[in-house]
Amino acid sequence: MTSTEYCAHISDDGCILTLQQAAGNTATVGGPLRFHAIWLRDNARDASTRSPENGQRLITLKDLPKHLSISQGQCHGETLHVTFQPDNVHIDFDVPWLLQHAYDTAIAGTPARARGWTCDTCETWDAGLGQQLPDNDFSAVMQCRSTRQDWLQQVQRYGFARLSNGPVEEEALFQVVALFGFVRETNYGRLFNVRTEVNPTNLAFTGLGLQAHTDNPYRDPVPTLQVLYCLENSATGGENMVVDGFRAVERLRAENSRWFDVLSRYCANFEYAGDPSVSLQSRCPMIELSPDGELRAVRFNNRSAAAITDVPFDEMEFYYDAYRRLGELVDDPAMQVTFKLSPGDCFIVDNTRVLHARKGYSGQGSRWLQGCYADKDGLYSTLRAMQQHP
Ligand code: FE2
């Protein structure tokens, strides 16, 4: 990079610095990018603003002059030299860092993002994902850093990934969680056992199927990851099934955007009081969006849905139409990826996105899974650190 690649212009009042490519430069930064003086000063990365040791900010906003302006701004190579007034402070900025963190993105012609947009690292899917099931070998993920990174990226991209050929031993699922973070303990313990003896003479143990669901929507915050690890599976049937809740609500939006809106605008209620020492409740929407419309979470669990009381009377029937249609989409085989776990296999789901279910099973045999919860922010942190420090 040469010193002529970028240049800076200061507005007459000194409140805005515009960074743009110098004439003749063929690299692209996507057009001129404006930065406010206060934003630049607050985001300075010099040693008096940020700790060189841990990167944490050393100042608060009240340490900065209220009426900041820029008197000088010049680019030299990848460095932008800025002089701030009224305190005549000189600070250098890294141009690539500024380009990466630019917020002046409301450029004419850029289409507004639809409510329910997802970020670039997320790829929604339907039954077709079964042809290329995200799967890795347990030992390879344990021993090989790049394979482990690939697996974590699969979890981020699809909200779901399998691991195969692990040890057939109790608590092996904790080895999986240790790859990226920590177990989230709940009133069900550090782990829970999902164990059924199949006995066709006793209808109580016929292994009925379950509708696809997200776990524990009655918790706030909800457990964001779940690991299910197979220790026995000799019964006929009993496959696991997963559905991308994000794809389901995308379909719902495409069919009728008002269905999508009503499930995201109003809170549902969820509760669990399975024993006298527990009374869990949450009040959250089935489709959760961030303030700017990003799809953040789907909650869907008929067993723990409580009475819905936050939908206006005149919209309740329409809400139920939307809720019913979302259930139909979840139940649509075209949305479902089905697979059978052998002892030593496991899978992980993003419980804010991917619904899971158990198909019914019958005949002789037994089925034993161990499950636990963990936190997605820890997984993302591990993945990001691996990407930043190859
Ligand atoms: Fe579940």
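Residues numbered from 1 in each chain as written. Predicted model: local features only at pLDDT ≥ 70, side-chain atom pairs only at ≥ 80, totals over all residues. Heavy atoms only, no water.

Thoughts on the pairing of strand β20 (residues 354–358)
Of all 5 residues in β20, 5 are buried; the element is thus mostly enclosed. Side chains of β20 alternate between two faces, with Val354, His356 and Arg358 and Leu355 and Ala357 buried alike. Bridge count for strand β13 (residues 240–244) against β20 is 5 bridges, and the pairing is antiparallel. Opposite Asn240, over in β20, you have Arg358 as the bridge partner. (Buried < 20%, exposed > 50% of the residue type's maximum accessible area, 1.4 Å probe, protein only. Helix = DSSP H or I, 4+ residues; strand = E, 2+ residues; numbered from the N terminus. Pairing = 2+ DSSP bridges.)

Structural notes on the coordination of the iron ion
Octahedral metals with six donors have ideal donor angles of 90 or 180 degrees. Tetrahedral metals with four donors have an ideal donor angle of 109.5 degrees. Protein-derived coordination of the iron ion comes from His213 (NE2), Asp215 (OD) and His356 (NE2), at a distance range of 2.1 to 2.2 Å. All donor residues of the iron ion come from one chain, and their arrangement in sequence is H-x1-D-x140-H. Asp215 carries the same exposure label as His213, and that label is buried. (Donors = N, O, S within 2.8 Å, 3.2 Å for Na, K, Ca; no water.)

Let's talk about the nonpolar core
Within soluble globular proteins, side chains that are nonpolar generally end up buried alongside one another. In terms of nonpolar packing, the biggest core is built from 34 residues, with Leu263, Ile287 and Tyr319 touching the most fellow members. Among the secondary structure elements, those contributing two or more residues to this core are β13, α6 (245–255), α7 (257–265), β14 (268–272), β16 (287–289), β17 (295–298), α8 (316–331) and β20. A per-element tally of this core places α8 first, with 7 residues. With near-sequence residues (within four places) excluded, Leu263 lies in contact with Leu252, Pro285, Met286, Ile287, Tyr319, Ala322, Tyr323 and Leu326. Ranked by size, the runner-up nonpolar core spans 28 residues in total, among them Phe138, Leu163, Val183 and Trp368. (Core = buried A, V, L, I, M, F, W, Y, C linked by side-chain atoms within 4.5 Å. Contact = heavy atoms within 4.5 Å.)

What to know about the domain arrangement of the protein chain
One frequently used descriptor of interface size is the decrease in accessible area upon assembly of the parts. Domain annotation of the protein chain identifies domain 1 (6–100) and domain 2 (127–388). Each of domain 1 and domain 2 has a C-alpha centre, and these two points are 44 Å apart. (Domains from an automatic or database assignment.)

Remarks on α6
Within α6, the full set of buried residues consists of Gly245, Phe246, Ala248, Val249, Glu250 and Leu252. Packed against the buried residues of α6 are β13, α7, β16, β17, α8 and β20. Two to three positions downstream of the cap, the backbone nitrogen of Phe246 sits 3.0 Å from a side-chain oxygen, assigning the N-cap of α6 to Asp244. (Polar contact = N/O pair within 3.5 Å; in protein donor to acceptor, adjacent residues only side chain to side chain.)

Observations regarding the sheet that holds strand β6 (residues 89–94)
Taken in spatial order, the 3 strands make up an open sheet running β4-β5-β6, and their pairing is antiparallel. The two strands at the open ends of the sheet, each matched to only one other strand, are β4 (69–76) and β6. Ignoring which end each strand starts from, the neighbouring axes of this sheet average 20° apart. Two elements, strand β5 (residues 79–85) and β6, share 6 bridges in a ladder whose sense is antiparallel. Residue pairing across strands places Thr79 opposite Asp94, the latter belonging to β6. (Axes fitted to C-alpha atoms, helices over the stretch in contact; angles between N-to-C directions.)

Points about the layout of surface pockets
Roughly 600 Å³ of internal volume is contained in the largest pocket. Every residue lining the largest pocket is counted, 27 residues in all, and those nearest its centre are Arg296, Asp350, Thr352, Lys376 and Tyr380. Contributing elements (two or more residues each) for the lining of the largest pocket: β17 and α9 (376–388). Here the lining of the largest pocket gets 6 residues from one element, more than from any other, and that element is α9. Considered class by class, the residues forming the lining of the largest pocket number 9 nonpolar, 6 polar and 12 charged. In this structure, the second largest pocket occupies an estimated 460 Å³ of space. Along its surface, the second largest pocket is lined by 21 residues, and Leu210, His213, Asp215, Arg303 and His356 are the ones closest to its centre. (1 Å grid on protein atoms, 1.4 Å probe; cavity = no way out; pocket = protein on both sides within 12 Å on 5 of 7 lines; lining within 4 Å. Points joined across faces, edges and corners; volume = space filled by probe spheres on them. Nonpolar A, V, L, I, M, F, W, Y, C, P; charged D, E, K, R; others polar.)

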